[in-house]
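Chain by chain, the residues:
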Amino acid sequence: MTGGIRVTVAFPEPPGCPIADLSARASTTISDVATSVAVDGTAVTEFLVDADAVPDDYGDPVFAYADRHLHRVTHDADTDCPCVCLGEFDTPIDRYFADAGALELVFHAGDFERLQAVVAALRDRFPDVDIRRMVRAPTGGAPRDSVFVDRGRLTDRQLEAVRTAYDMGYFEQPRGANAGDVAAELGVAASTFTEHLAAAQRKLLADVLEEDG
């Protein structure tokens, strides 16, 4: 039995997304968003935004707080929007984050097969989608916290530095090779090797710690 997979995806400027569109028009960040629900074939989304940021021609809010307004938007089920695409797979969105036109979404897939179908649909409709992070929930009662590490974030030189260092025992205790040894094997200066290694470690650790790196 699988415990599901949490996925973070990002879109530079998704077409048809009213939340991303408003964040671009208002040059603001929108992160307080209610989960969209299906109502008679349409998607309904409510979100809070700073009152001073909303353009005058945007429309009246559903409710006005002291410094923020609650807005509601609807879009047809055939709208080319990431939120609607995920809704077609009955995949609830856990978190929205729109900033100056860019959109980041966090959603949960029940299993890897469902995840593959969702990602394929997103890539087909939004070629510039960035699959930023995937985290698998513990399964079978085991105290595991599996994280998908994206090696594609590394440059060829960074990956070569990590692989060579690993093969030569650089990460072992005691070390089987020092920085100078690995650098010589790579044919670069020791300082260049340590720069590649530090950059690679930061990117990999960002995935493990679920941080933006």
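Above this text sits the structure in question.
Because the structure is predicted, anything quoted here is derived from the model rather than measured. Numbering of residues begins from 1 in every chain and follows the order in which that chain's sequence is written. Under the rules for a predicted model, residues below a pLDDT of 70 receive no local features and side-chain atom pairs below 80 are neither given nor counted, while totals for whole chains, interfaces and linings still include all residues. Water and hydrogen atoms play no part in the side-chain values, which are based on all heavy atoms of the structure.

Engineer: I'd like a description of the pattern of salt bridges, backed by residues and values.
Structural biologist: The working definition used for a salt bridge is a side-chain nitrogen of Lys or Arg within 4 Å of a carboxyl oxygen of Asp or Glu. For the structure shown, the criterion picks out six salt bridges. The salt bridge involving R157 is made with E160; its shortest N-O contact spans 2.6 Å. Of this pair, R157 and E160 are both found in helix α4 (residues 156–167), three residues apart, which corresponds to roughly one turn of the helix. Numbering goes from the N terminus for both helices and strands, where a helix is a DSSP run of H or I of at least four residues and a strand is a run of E of at least two.

Engineer: Can you explain helix α3 (residues 112–125)? Please cite residues and give values.
Structural biologist: Taking 1.5 Å per residue as the helical rise, α3 with its 14 residues ought to reach 20 Å, and the 20 Å between its terminal C-alpha atoms agrees with that figure. Buried residues are those whose accessible area, probed at 1.4 Å on protein chains only, stays under 20% of the maximum for their type, while exposed residues exceed 50% and partly exposed ones sit between those limits. All buried positions along α3 are accounted for by L115, V118, V119, A121 and L122. For α3, the angular spread of the buried residues around the axis is 160 degrees, confining them to a single face. Every exposed residue of α3 that faces more than 90 degrees away from the buried side is listed here: E113 and D124. Where α3 is buried, its residues touch β1 (5–11), α2 (82–88), β9 (102–109) and β10 (130–136). Here the expected span of a helix is defined as 1.5 Å times the quantity of residues minus one. This arc is built from the directions going out from the helix axis to the C-beta atoms. Residue contacts are counted whenever heavy atoms from the two residues lie within 4.5 Å of one another.

Engineer: Help me get a handle on the side chain of T28, residues and values and all.
Structural biologist: Note that T28 resides in the loop between α1 (18–26) and β2 (29–30). Take T28: its relative accessible area is 11%, and that puts it in the buried class. Excluding anything up to four places from it in sequence, T28 contacts S23, V49, D50, A53, A98, D99 and A100.

Engineer: Can you tell me about the side chain of T8, naming the residues and giving the values?
Structural biologist: Within the fold, T8 resides in strand β1. If sequence neighbours within four positions are ignored, T8 has contacts with E104, L105, V106, D130, I131, R132 and R133.

Engineer: How would you summarise helix α5 (residues 179–186) if you had to cite specific residues and measurements?
Structural biologist: Among all positions in α5, only A179, V182, A183 and L186 are buried. Buried positions in α5, seen along its axis, are confined to an arc of 100 degrees and lie on one side of it. Structural note: α5 exposes A184 and E185 on the side pointing more than 90 degrees away from its buried face. A side-chain oxygen of the first residue of α5 lies 3.0 Å from the backbone nitrogen of G180; this N-cap is N178. One or two positions beyond α5, positive phi appears at G187, with a value near 75 degrees. By the criterion applied in these results, polar contacts are pairs of N or O atoms within 3.5 Å in which, for protein atoms, one can donate a hydrogen and the other can accept it, and in which residues neighboring in sequence qualify only through two side-chain atoms.

Engineer: Requested: an account of the nonpolar core, with residues and values cited.
Structural biologist: By size, the foremost hydrophobic cluster in this structure holds 37 residues, and its most contacted members are V9, F47 and L122. Elements represented by at least two residues in this core include exactly β1, α1, β5 (42–50), α2, β8 (93–99), β9 and α3. The element best represented in this core is α3, accounting for five residues. One finds A161, V162, L186 and A200 within the second-largest nonpolar core, a separate group that totals 13 residues. Residues enter a nonpolar core if they are buried and are Ala, Val, Leu, Ile, Met, Phe, Trp, Tyr or Cys, with the set joined through side-chain atoms within 4.5 Å.

Engineer: Tell me about the environment of A121, and please be specific about residues and values.
Structural biologist: Secondary-structure assignment places A121 in helix α3. The class for A121 is buried, based on a relative accessible area of 14%. In this structure A121 touches C85 and F89, once residues within four positions along its chain are discounted.

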